[in-house]
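Inside the fold
Read off the chains here:
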Amino acid sequence: MSYTVAVLGASGAVGQEMVATLERRGFPAGELRLLASPRSAGRTLRFQGRLHTVTAVTPESFEGVDVALFSAGGGVSQEWAPIAAEKGAIVVDNTSAFRMADDVPLVIPEVNAHVLEQKLARGIIANPNCSTIQMIHALKPLHDAFTIKRIVVATYQSVSGKGTRAIDEMLDQSAAVLAGEDDFECEQFPHQIAFNVLPHIDSFTENGYTKEELKMVNETRKILEAPGIMVSATCVRVPVTRGHSEAVNVEFEKKVTPEKARELLAAFPGIVVVDDVANNHYPLPLYAENREPTFVGRIRQDISNPQGTSLDMWIVSDNLWKGAALNAVQIAEWLASKGKLGKSAAK
């Protein structure tokens, strides 16, 4: 069976990866509609051996669509996701627009696909934040075995998380700095990002945390269905083109050893353990780029916890793949495998 698929935001960094991921994983897209704002209309993307033209989104764009993958900004999703759902499409939205809505499931397929078993009240499924995805993907098997009490995480997020213009700005600034210039503009970031580190992603809130940090707090609790988990995050932008990294300290209700953690992680779908420090093997953004797994290493006992209930670890993933496009396509794949897409599926 084949499906009609729409990608809204197709010309953006994540949208392009959605199209590439659909093809790479062989999703049965009988028809692909590439949608964007009027400004981006007319661009072409290659899919299944031929060029497809990006068109400006209209309500009619979603007529007959089975699944629509959205990655065009929260405001765009708020406007168009209800329209697409009303037309009969299931929307998988990569923005924060619907993540915390009680009637919208927030899904990492390896972690909580069971929430998709029930009928979708609004026809919308939310993709979690990129940093949340890789962290919870790695922590899920440990939570099942030992029950998480508290997480303290510091992220090292690449500039691609802000889009193609952010990548260009970092590369242009890097070239300027190496040429001895210092008069460049900072448009995508509040400060120079080249050869620098910014402890600032998204806007600050009244409690001093950024919205990005609070996403990790709230989304973790929703995905794991554990409102009592304590989470503290510091989200940092680093001058890396692609791939997010995270230093995670996690406290459990039960004793845990690094050896057992490695065993559980290695057996969990989509996780690859890279943890051979004697040979300098540990996850790196360069290692994770254009690869599907979430990589985990530097797994060690937290020496500040004499009870033996805490671990430290290092988690790396391609933020444009598992952190965005891949996760969305995996949701579509799950829906297709369960007969929840197409004319025969209950909307």
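Structural data are supplied above this passage.
Here goes a summary of the coordinates provided. Model, not experiment: these values are computed from the prediction. (Residues numbered from 1 in each chain as written. Predicted model: local features only at pLDDT ≥ 70, side-chain atom pairs only at ≥ 80, totals over all residues. Heavy atoms only, no water.)

**Details of the sheet that holds strand S12 (residues 294–301)**
Reading across the sheet, the six strands line up as S9-S8-S10-S13-S12-S11 and stay open at both edges, with mixed pairing between neighbours. This sheet does not close on itself; its edge strands, each paired only once, are strand S9 (230–237) and strand S11 (271–273). Within the sheet, the average angular offset between the axes of one strand and its neighbour, ignoring direction, is 20°. Pairing analysis gives eight bridges linking strand S10 (residues 244–252) to strand S13 (residues 310–317), with the strands arranged antiparallel. Bridge assignment links glutamate 246 to a residue of S13, and that residue is isoleucine 315. The sheet contacts of helix H4 (residues 130–146) involve strand S8 (148–157), S10, S11, S12 and S13, and relative to S10 the element is tilted by about 30°. (Pairing = 2+ DSSP bridges. Helix = DSSP H or I, 4+ residues; strand = E, 2+ residues; numbered from the N terminus. Axes fitted to C-alpha atoms, helices over the stretch in contact; angles between N-to-C directions. Contact = heavy atoms within 4.5 Å.)

**What to know about the nonpolar core**
Of all hydrophobic cores here, the largest spans 54 residues; its most connected members are Phe62, Phe70, Leu139, Ile151, Val248, Val250 and Met313. Tallying contributions element by element places H4 first for this core, with seven residues. With residues up to four places along the chain from it excluded, the contact list for leucine 139 reads Ile148, Ile151, Val248, Val250 and Met313. Leu22, Phe47, Val329 and Ile331 belong to the second-largest nonpolar core, a separate cluster that totals 39 residues. (Core = buried A, V, L, I, M, F, W, Y, C linked by side-chain atoms within 4.5 Å. Buried < 20%, exposed > 50% of the residue type's maximum accessible area, 1.4 Å probe, protein only.)

**Considerations on the sheet that holds strand S4 (residues 50–56)**
Strands sit in the order S3-S4-S2-S1-S5-S6-S7 across an open sheet of seven strands; the sheet is mixed. Pairing within the sheet leaves two strands with one partner each, and these edge strands are strand S3 (44–47) and strand S7 (124–126). Taken pair by pair, the neighbouring strands of this sheet meet at an average axis angle of 25°, ignoring direction. Two strands pair when backbone bridges link them, and strand S1 (residues 3–8) and strand S5 (residues 67–70) are joined in this way by four bridges, in the parallel orientation. Among the inter-strand pairings, valine 7 is bridged to a residue of S5, identified as leucine 69.

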